[in-house]
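Geometric and topological summary
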Amino acid sequence: MAKKVTSAEQRRYQRLLKHIFFDSKYGAFKPGMVEIPFELDSIRRAVAELGIDPPKNFADPVYDARYRSGLSQAILDTQPPGQTWVIQGAGKGRYKFQLVTLNVIAPNPNLAAVKIPDATPEIIAAYALSDEQALLAKVRYNRLIDVFMGVVAYSLQNHLRTSVKGVGQIEIDEIYVALDRKGQQFVVPVQAKGGNDKLSVVQTKQDIACCDEKFPDLTCRPVSAQFIGNDLIAMFELTLEDGMVKVAEERHYRLVPANEITPEDLASYRTRGGD
């Protein structure tokens, strides 16, 4: 679950990763390099060497770089055109800076939204503790996985923490199992991001690797969900093609009271193509 961090903490996290990226004890970036391995212990050593306050969880700088503040400008300045540095898992307590083709998953601002009668219980909406939790609850109670993917889906577990061979420990925000009208069964890992957090192609790759390992008989169909506004949700079905995460389908859903869905809305849905 994402936690709130201060701007001072984010600057400290970026400083730690910058130290690891450029310092010779950790591999030291040189032009032409595409990979720099490091370990959780590297973050501990960097804290001592820089003489700064340690993070409460030594994995937090990696999480922050992936989903919130990104890497420092000094690291970004080393990126060749069309490529970007990401942090990949490389085993238990092990990571690597990896140079990959630039690949950003973000909502299409020109996509029309479909109005859905909001079935979120008011008490859930009132007491959800974070944007991510609120988003997962809205997806679940409004059966947006079913609506979006055209399947019957059942939530199996949220915040599934497990280890994946060659990756290390991961956490899947929520995982569903589903079936279609032909009886084909699917496993649907869901990545949820709210607020200023960013959808991560690294997390999607990890989710796919986990499902391939833990559910080999089920077809994996990864989904990402992101708040665009309080009641406007972007849904993406993603796929892995030539090693890159790509968008197979994107839809936007606006949760509204049932009486705000007009006959004109319903008529427009009947004539929309692409289904």
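By convention here, each chain's residues receive numbers from 1 onward along its written sequence. Owing to the predicted nature of the model, reporting of local features is limited to residues with pLDDT of at least 70; listing and counting of side-chain atom pairs is limited to 80 or more, with chain, interface and lining totals taken over all residues. Excluding hydrogens and water, the side-chain values take into account all heavy atoms of the structure.

**Digging into the overall build of the chain**
Put simply, DSSP marks the helices as runs of H or I at least four residues long and the strands as runs of E at least two long, and each gets a number from the N terminus on. Helix and strand content of the chain: nine helices and 11 strands. Here the radius of gyration uses the C-alpha set of atoms, whereas the globule reference equals 2.2 Å times the residue count to the power 0.38. Its C-alpha atoms give the chain a radius of gyration of 20 Å, within 12% of the compact-globule value 19 Å for 275 residues. Oriented by its inertia axes, the alpha-carbon framework of the chain measures out at about 65 × 40 × 35 Å. Within the span of the chain, comprising 275 residues, buried residues form 46% of the whole. Every residue pair with non-hydrogen atoms within 4.5 Å of one another is taken to be in contact. Excluding contacts between residues fewer than 6 apart, the proportion of contacts in the chain whose partners are at least 24 apart in sequence is 58%. Summed over all atoms, the accessible surface of the chain reaches about 14500 Å², with 51% contributed by carbon and sulfur. Under this rule, positive means Lys or Arg and negative means Asp or Glu; His and the chain ends count for nothing. For the purpose of locating charges, the reference atoms are NZ of Lys, CZ of Arg, CG of Asp and CD of Glu. In the chain, the 34 positive side-chain charges and the 34 negative ones have mean positions that sit 4 Å from each other. Throughout, exposure labels follow a simple rule: accessible area from a 1.4 Å probe, protein chains only, divided by the maximum for the residue type, with under 20% read as buried, over 50% as exposed, and the rest as partly exposed. With residues, only the protein chains shown are counted as cover, and all accessible areas are computed by Shrake-Rupley using a 1.4 Å probe.

**Overview of unusual backbone geometry**
Positive phi, normally seen in glycine, also occurs at arginine 143, with a value near 50°. By relative accessible area, arginine 143 is classed as partly exposed at 40%. Phi angles above zero are rare outside glycine, and aspartate 242 is one such case at about 55°. Here aspartate 242 lies in the loop between strand S10 (232-241) and strand S11 (244-256).

**Re the pattern of salt bridges**
Here, a salt bridge means any side-chain nitrogen of Lys or Arg that lies within 4 Å of a carboxyl oxygen of Asp or Glu. One pass over the full model with this rule turns up 12 salt bridges. Note that lysine 115 and aspartate 265 form a salt bridge whose closest N and O atoms lie 3.1 Å from each other. Of this pair, lysine 115 sits in strand S4 (residues 113-117) while aspartate 265 sits in helix H9 (residues 263-271), and the two are 150 residues apart along the sequence. Take lysine 115: its relative accessible area is 26%, and that puts it in the partly exposed class. The buried category is assigned to aspartate 265, whose relative accessible area is 15%. A salt bridge links lysine 214 to glutamate 213, with the nearest nitrogen and oxygen atoms 3.2 Å apart.

**A short note on the pairing of S10**
Counting buried positions over the 10 residues of S10 gives seven, a clear majority of the element. A strand pair is defined by DSSP finding two or more bridges across the two strands. Bridge count for strand S9 (residues 223-229) against S10 is six bridges, and the pairing is antiparallel. Within S10, the position partnered with valine 223 by the bridge is glutamate 237. Linkage of S9 to S10, two consecutive antiparallel strands, is achieved through a turn of two residues. Between the end of S10 and the start of S11, which pair antiparallel, lie two residues, with aspartate 242 showing a positive phi angle near 55°.

**Comments concerning the environment of aspartate 231**
Tracing the backbone through its elements, the reader meets aspartate 231 in the loop between S9 and S10. Overall, the relative accessible area of 31% leaves aspartate 231 in the partly exposed class. Setting aside residues no more than four positions away along its own chain, aspartate 231 makes contact with Asp118, Lys138, Tyr253, Arg254 and Leu255.

**Quick word on a nonpolar patch on the surface**
Surface patches are drawn from residues lacking salt bridges whose relative accessible area is over 30%; two like charges belong together within 9 Å, two nonpolar side chains (Val, Leu, Ile, Met, Phe, Trp, Tyr) within 5 Å. A grouping of Val152, Tyr154 and Leu179 is seen on the molecular surface, where their side chains present a nonpolar patch of about 250 Å² in accessible area. Topologically, valine 152 is positioned in strand S5 (residues 152-164).

**Considering the pairing of S11**
Inspection of the sheet shows S4 paired to S11 by five bridges, in the parallel sense. Residue pairing for S11: alanine 113 is matched across the bridge by histidine 252.

**Notes on the side chain of threonine 204**
Here threonine 204 is to be found in helix H8 (residues 201-214). Apart from the residues within four sequence positions on either side, threonine 204 is in contact with Gln191, Pro222, Ser224, Leu238 and Val245.

**Observations regarding the sheet that holds strand S3 (residues 94-101)**
Taken in spatial order, the three strands line up as S1-S3-S2 in an open sheet, and their pairing is antiparallel. Looking at strand neighbours, the two that pair on one side only are strand S1 (35-39) and strand S2 (83-91), the edges of this open sheet. Taken over all neighbouring pairs, the strand axes of this sheet differ in orientation by 25° on average, direction set aside. With five bridges joining them, S1 and S3 adopt antiparallel strand pairing. What sits directly across from isoleucine 36, in S3, is phenylalanine 97. Sitting on the sheet, helix H2 (residues 40-50) touches S1 and S3, and the angle it makes with S1 is about 75°. Axes here refer to lines fitted to C-alpha atoms; in helices the fit is confined to the stretch in contact. Angles between the N-to-C directions go from 0 to 180 degrees. Across the face of the sheet, helix H3 (residues 60-67) comes into contact with S1, S2 and S3 while running at roughly 145° to S2.

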